[in-house]
Amino acid sequence: MSLDSITETIAHFVGTFELTIEQGRLRDKYEEFTALRRKVELEDLSDPTRIEVKATLKADPGDYAPIPFKFNTPPAELPPPPPANGPNYETNIFLDPPEGPSEAVREAALGPADAPPLMLFQFQNELIGSAVTYTFQTLFLRDNDVVGEGEFRDVGALISAGQDMLEAALTFHAVAAPSFALADYASLELLSEIAEQIVNPMNSEIEGVTVHQFHGEDAVGVIINGEKVEEAVEWDDLLPAYHQPDEETETPDMLPVEWDRSDDEEFADGHMVIAGGNLAVNEVAATIAWIDAPYIAVGGKAMDLTVISQVAVISDWDQIEEGDSSGTKVVQSASVGVEAKAAYWLNQAEGAEGQPAFASVDWISGDLVVANFIKQEIDATDVDHIQAEISASTTLYAMGDNQMVNVTEIVQLGSYYDVIMIGGNMISVDMLFQTNVLVDDDIVSGGSISAQGDENLVMNEASVSKTGEDSHKVLHQDMANAMALGEADMDALEDALLNDPMFAGMEQIRALKIEGDLLQVNIMEQVTMLLDQDDVHVSGPKAAETEIIAGSNALLNAANVAKAGIDSVVMAAEETYSDLLLHQASLYDVPDQEGLSELTNDAIAVLMEEANSELAKIHETVAKQTAPTEMAGADDGLQSMLA
């Protein structure tokens, strides 16, 4: 039977609904069936794959058995560490205002007594301690070059003679060589010996040694080669032309540096033999501002000793076939000066009233030491022997031109106090020893000495400058009583300082109490020796055009000590002693104008004879100014390489 349109529509809807539901039910069944099928296929591989590797990694216990070790059981209570050597001090931070006789400070800091309490932070700087430095610098150079074959002097004999000259130069000093043991300068016996040597210095009896000595106030100022001058000379201004920097061009090069393809100046056209041109410098600069005060009280002695001893020994026996010898300029410069400088924090007008409000005392139970020991040595030989034929278009033999520099710079900065109380002695020792030895005995044949000048420079420069003048007074009884108080009587010590009329008008007192000695020591010893004894013999068609630099050596010993402080009143219970010695000794040996038949100095003659008699034979040969013909015609294997 046929259905009406409405019934047929409803039947289609119901059929479609049932089909949709059945489709979803079958999809769930399919996914479950698929999962079960895959599980069956992978049933044998359900567990992860394992790979086992067996290896015998245990070492033979007979050869590599571990060493048994057992930790010791620590004690229940560890002992305290041993006390450190040196001064004992403490650094304190107070959260309350200092207790003192003045309530005004308390009220100014915290307000009235009925006001809410406030905390006032007062910091005490860490107490200064000792400072001791030891510096040893040594340069050893042996640059003895030989080019070609010829009749040259024996190098060993030259070095032996130079060592003899150095030993002789060390005996030309005014006092004995300074000790590098700190304990020696705490001994009054040794200091008395140094003071005695300053009063009666040693002078060499060797003929030809020039000595200039100045004592006390006479040594203050600038003294060069025994003469007082207004200003000291500068090392840079005295340098030989070989060491002078090149003058800068006024028109700067605007091109990049990598574009510069100019020829190297050292390998420019021409012919040159550099057998000298050495530079040796020992330099020390020490700036010391450790402790100082406008008032210094000393329970023992106050000693201040300063010694500057400079020695220069030069042998310049240049034998030139054509032209004059190079020559040597000797400069020994010493500067000693004291500049006044008042304590900037003091504002005490005449008749000032009122005592300080409170005092702060730093305590050192032992000695306070500020010491610097410096020794610089340069031992160099540049004995160059060359026999060459100059025939190439461009030639350069660079056998010298060595640069040796020892430099030490020390800066020590500390603290200022209002008063320093020293229970023992106050000792200040400054000793500057400088020794310069140059042996430039050159033998040159064929060629010409540098047109710029071939003069050597030997310079000793020393200075001791002090900022702050010391005046001396008798230790008054109030300060003597205060110094007798121990650390257990700190309150009594502060009261004594606060009531001392010497500190009237000051707001507060910062004091340093040293139970032992105050040692301020600067020992500087500089020794420079350079042997530049060259045998230069050139021949060939270009020999006359060859420029020879056999000298142009520059030696410098520079020691500068600057003490920065303030004007002080030193009050010593016992003796106050101060002395200053400036000693300048020089021995300059050159041949006389008539020839080489005699030495102008007996000292050098003795040293040469003791070293090796062959040296005298060589000088005699050169005196005849005849170059061996076989030397002029010797072949030079390096000439073809330099062409």
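Please refer to the structure higher up on the page.
Residues numbered from 1 in each chain as written. Predicted model: local features only at pLDDT ≥ 70, side-chain atom pairs only at ≥ 80, totals over all residues. Heavy atoms only, no water.

Enquirer: What is the right way to look at the nonpolar core in this model?
Expert: Generally speaking, soluble globular proteins have nonpolar side chains that are buried together. Membership of the largest hydrophobic core comes to 39 residues, with the highest contact counts inside it found for Ile 291 and Ile 420. Of all the elements, strand β9 (residues 279-292) adds the most residues to this core, at 5 residues. (Core = buried A, V, L, I, M, F, W, Y, C linked by side-chain atoms within 4.5 Å. Buried < 20%, exposed > 50% of the residue type's maximum accessible area, 1.4 Å probe, protein only. Helix = DSSP H or I, 4+ residues; strand = E, 2+ residues; numbered from the N terminus.)

Enquirer: Is there a simple way to explain the side chain of Asn 282 in this structure?
Expert: Locating Asn 282 in the fold gives a position in strand β9. Engagement of the side chain of Asn 282 in a polar contact is seen with the side chain of Asn 557, the distance being 3.3 Å. When near neighbours in sequence (up to four residues on either side) are disregarded, Asn 282 contacts Gln 376, Glu 377, Ile 378, Asn 406, Gln 526, Val 527, Thr 528, Leu 556, Asn 557 and Ala 558. (Polar contact = N/O pair within 3.5 Å; in protein donor to acceptor, adjacent residues only side chain to side chain. Contact = heavy atoms within 4.5 Å.)

Enquirer: Please explain helix α5 (residues 188-199) as it appears in this structure.
Expert: When the terminal C-alpha atoms of α5 are compared, their 16 Å separation across 12 residues agrees well with the 16 Å that a helix rising 1.5 Å per residue should span. Those residues of α5 that fall on the buried side of the exposure criterion are Leu 191, Ile 194, Ala 195 and Ile 198. Looking straight down α5, one finds its buried side chains confined to an arc of 100°; they lie on one side. Where α5 is buried, its residues meet β5 (210-215), β11 (302-315), β20 (426-439) and β31 (576-589). (Expected span 1.5 Å × (residues − 1). Arc of directions from axis to C-beta.)

Enquirer: Would you take a moment to explain the sheet that holds strand β3 (residues 131-142) for this structure?
Expert: Pairing between the strands of a sheet comes from backbone hydrogen bonds, and it takes one of two forms, parallel or antiparallel. Taken in spatial order, the 7 strands line up as β3-β15-β26-β20-β11-β31-β5 in an open sheet, and their pairing is mixed. The strands lining the two open edges of the sheet, one partner per strand, are β3 and β5. Looking at each pair of strands side by side, their axes are set apart by 5° on average, direction ignored. Here strand β15 (residues 368-381) runs beside strand β26 (residues 518-531); their pairing, made up of 14 bridges, is parallel. Residue Val 369 lies in a different strand from β26, and its bridge partner there is Leu 519. Those strands touched by helix α4 (residues 155-170) are β3, β11, β15, β20 and β26, and its axis lies near 150° from that of β26. Its contacts with the sheet place α5 against β5, β11, β20 and β31, and it is angled at close to 50° to β11. (Pairing = 2+ DSSP bridges. Axes fitted to C-alpha atoms, helices over the stretch in contact; angles between N-to-C directions.)

Enquirer: What is the right way to read the sheet that holds strand β10 (residues 295-298) from this model?
Expert: The strand order across the open sheet built from 6 strands is β14-β25-β19-β10-β30-β24, with neighbouring strands paired in parallel fashion. In the strand order of this sheet, the two ends are held by β14 (358-364) and β24 (470-474), each with one partner. Across this sheet, the average inter-strand angle for adjacent strands is 20°, counted without regard to direction. Strand direction decides the pairing type here: β24 and strand β30 (residues 568-572), joined by 5 bridges, are parallel.

Enquirer: I keep staring at the environment of Val 474 and nothing clicks. Help me out?
Expert: With respect to the element layout, Val 474 can be found in strand β24. What makes Val 474 exposed here is its relative accessible area of 72%. For the pair formed by Val 474 and Ala 573, sequence separation is 99 residues and the distance between their alpha carbons is 7.1 Å.

Enquirer: Mind showing me how you'd approach the pairing of β31 here?
Expert: Strand residues, when the strand is regular, have side chains that alternate between the two faces of the sheet. Taken together, the 6 bridges between β5 and β31 define a ladder with antiparallel strand orientation. Of the residues in β31, the one forming a bridge with His 215 is Leu 581. Strand direction decides the pairing type here: β11 and β31, joined by 14 bridges, are parallel. Paired with Asp 304 across the strands is Ser 578, a residue of β31.

Enquirer: Could you clarify how one ought to interpret a negative patch on the surface in this entry?
Expert: Judged by side-chain charge, Glu 230, Glu 231, Glu 234, Asp 236 and Asp 237 come together as a negatively charged surface patch. Mapped onto the secondary structure, Glu 230 falls in the loop between β7 (227-229) and α6 (235-238). (Patch = residues over 30% accessible without salt bridge, like charges linked within 9 Å, V, L, I, M, F, W, Y side chains within 5 Å. Areas by Shrake-Rupley, 256 points an atom, 1.4 Å probe, with all protein chains shown as cover. Salt bridge = Lys/Arg side-chain N within 4 Å of Asp/Glu carboxyl O. Lys, Arg positive; Asp, Glu negative; His and termini not counted. Charge placed at Lys NZ, Arg CZ, Asp CG, Glu CD.)

Enquirer: What's the story with the packing of aromatic side chains in this structure? I'm lost.
Expert: For any pair of aromatic rings, geometry is given as the distance between the ring centres together with the angle between the planes. In total, this model carries 6 aromatic pairs according to the counting rule given. Aromatic pair Tyr 185 and Phe 373: ring centres 6.2 Å apart, planes at 45°, arrangement tilted. With Tyr 185 in the loop between α4 and α5 and Phe 373 in strand β15, this pair connects stretches of sequence that are 188 residues apart. Their ring planes at 90° and their centres at 5.7 Å tell us that Tyr 295 and Phe 503 sit as a pair that is edge-to-face. In this pair, Tyr 295 sits in strand β10 while Phe 503 sits in the loop between α8 (490-498) and β25 (508-514), placing the two residues 208 residues apart along the sequence. Through pairs of rings, three or more aromatic residues link up here, namely Tyr 134, Phe 136, Phe 180, Tyr 185 and Phe 373. (Phe/Tyr/Trp six-rings, centres within 6.5 Å; stacked < 30°, edge-to-face > 60°.)

Enquirer: Can you walk me through a nonpolar patch on the surface in this structure?
Expert: A contiguous nonpolar surface patch, about 420 Å² in accessible area, is contributed by Ile 6, Ile 10, Phe 13 and Val 14. Summarising the element assignment, Val 14 is placed in helix α1 (residues 5-41).

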